[in-house]
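Each chain, letter by letter, is given below.
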Amino acid sequence: MIRVDKLNKYFGDLHVLKDIDFNVKESEVVVLIGASGSGKSTMLRCLNFLEWRNSGEVIIRGKDVNPKKDNLNVVRQKVGMVFQHFNLFPHKTVLENVTEAPIQVKRTSKAEALKEGEKLLKKVGLGDKANDYPSRLSGGQKQRVAIARALAMKPEIMLFDEPTSALDPELVGEVLQTMKDLAQEGMTMVVVTHEMGFAREVADRVVYMHDGKIVETGHPHDIFDNPKEDRTQAFLSSIL
Ligand code: ADP
Ligand code: MG
């Protein structure tokens with residue numbers, strides 16, 4: 001689904017991603033871990049072209065995306081993204097938040113978008129909140145709306161950038177459960193998170209990044225219980 005070859009990204013003189021090679025297969029769940037500033041968000045942003053790489057290739061479903069030739073809005077529809085801060089439209093209802101992009105960007109008919117939106121809200125456990133405004137929702141509910149909103153574009157890949165980091169601890173579980181359901185349905189996912197329980201349980205593969213490089217990749221069992229690299233060990237003992 002995703003193939004990244006020798007990806008390099010700079011912000012001015014700052015070399016943020018260094019020769020990254022990274023692959024994600026269909027239906028695979030990859031959890032990206034690493035200290036703050038190691039380049040995880042930049043990596044996700046390069047995968048849906050919110051950031052443009054300086055060199056290397058990012059191939060989505062066999063297609064190398066070229067900013068000059070390709071319509072990035074169309075490419076981005078294939079790659080959904082959920083952020084730490086959900087950024088729902090405050091003046092729109094929950095259902096309108098979910099149907100906005102399909103109607104405006106994809107030109108889906110209103111009736112079809114509403115039907116699909118209601119289905120997605122049920123799926124994330126918010127079928128009864130369709131007509132509420134975001135301000136009436138808890139943080140966990142808002143994040144589940146954000147997930148439904150991303151799914152409304154029918155992406156082939158979902159990227160999550162610390163989706164539970166801004167939530168009160170008691171609301172984290174419901175969002176992780178929604179993500180777990182999605183993984184079990186076969187969605188291809190790349191998840192940046194500090195929730196190591198989720199990584200252990202749901203990830204097919206864990207990727208540890210440090211200072212713009214991938215230091216170690218492996219099955220959660222190997223990374224958490226038997227890391228090969230000293231750096232990985234040091235990081236894990238700092239957070240566990
Ligand atoms: P992480 O998500 O792992 O915390 P980031 O990808 O956000 O790391 O950041 C990696 C490095 O790039 C950091 O040093 C950060 O300060 C820098 N950085 C991120 N975004 C920008 C930007 N838009 N302009 C300049 N520097 C940036
Ligand atoms: Mg980040």
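Being a predicted model, the structure only gives us computed values, none of them experimental.

Asker: Looking at this structure, I do not really get unusual backbone geometry. What am I missing?
Answerer: Leave glycine aside and you will find that most residues have negative phi; peptide bonds, for their part, are mostly trans. For Asn87, which is not glycine, the phi dihedral falls at a positive 50°. Taking the relative accessible area as the measure of exposure, Asn87 reaches 56% and is therefore exposed.

Asker: So what exactly am I meant to see when it comes to the site of ligand 1 here?
Answerer: Neighbouring ligand 1 are Phe11, Leu14, Val16, Ala35, Ser36, Gly37, Ser38, Gly39, Lys40, Ser41 and Thr42. Contact distances for ligand 1 include 2.7 Å between an oxygen atom and a backbone N or O atom of Gly37. One nitrogen or oxygen atom from the side chain of Thr42 is found 2.5 Å from an oxygen atom belonging to ligand 1. When the free accessible area of ligand 1 is taken as 560 Å², the share hidden by the protein chains comes to 59%.

Asker: What am I meant to see in the sheet that holds strand β7 (residues 157–161) here?
Answerer: Working definition: the strands of a sheet are paired by backbone hydrogen bonds and lie parallel or antiparallel to each other. If you trace the six strands from one edge of the open sheet to the other, you get β6-β7-β8-β3-β9-β10, paired in mixed fashion. A single partner strand is all that each edge strand has here, and the edge strands are β6 (79–82) and β10 (213–218). The sheet shows a mean angle of 20° between the axes of neighbouring strands, taken without regard to direction. The sheet contact formed by β6 and β7 spans four bridges and is parallel. Residue Gly80 lies in a different strand from β7, and its bridge partner there is Met158. Contacting β3 (29–33), β6, β7, β8 (188–192) and β9 (205–210), helix α1 (residues 40–47) crosses the sheet at an angle of about 155° to β7. Helix α5 (residues 139–151) contacts β6 and β7 of the sheet and is inclined by roughly 170° relative to β6.

Conventions we followed
- Residues numbered from 1 in each chain as written.
- Chains lettered and ligands numbered in written order.
- Predicted model: local features only at pLDDT ≥ 70, side-chain atom pairs only at ≥ 80, totals over all residues.
- Heavy atoms only, no water.
- Buried < 20%, exposed > 50% of the residue type's maximum accessible area, 1.4 Å probe, protein only.
- Near = heavy atom within 4 Å.
- Polar contact = N/O pair within 3.5 Å; in protein donor to acceptor, adjacent residues only side chain to side chain.
- Areas by Shrake-Rupley, 256 points an atom, 1.4 Å probe, with all protein chains shown as cover.
- Pairing = 2+ DSSP bridges.
- Helix = DSSP H or I, 4+ residues; strand = E, 2+ residues; numbered from the N terminus.
- Axes fitted to C-alpha atoms, helices over the stretch in contact; angles between N-to-C directions.
- Contact = heavy atoms within 4.5 Å.

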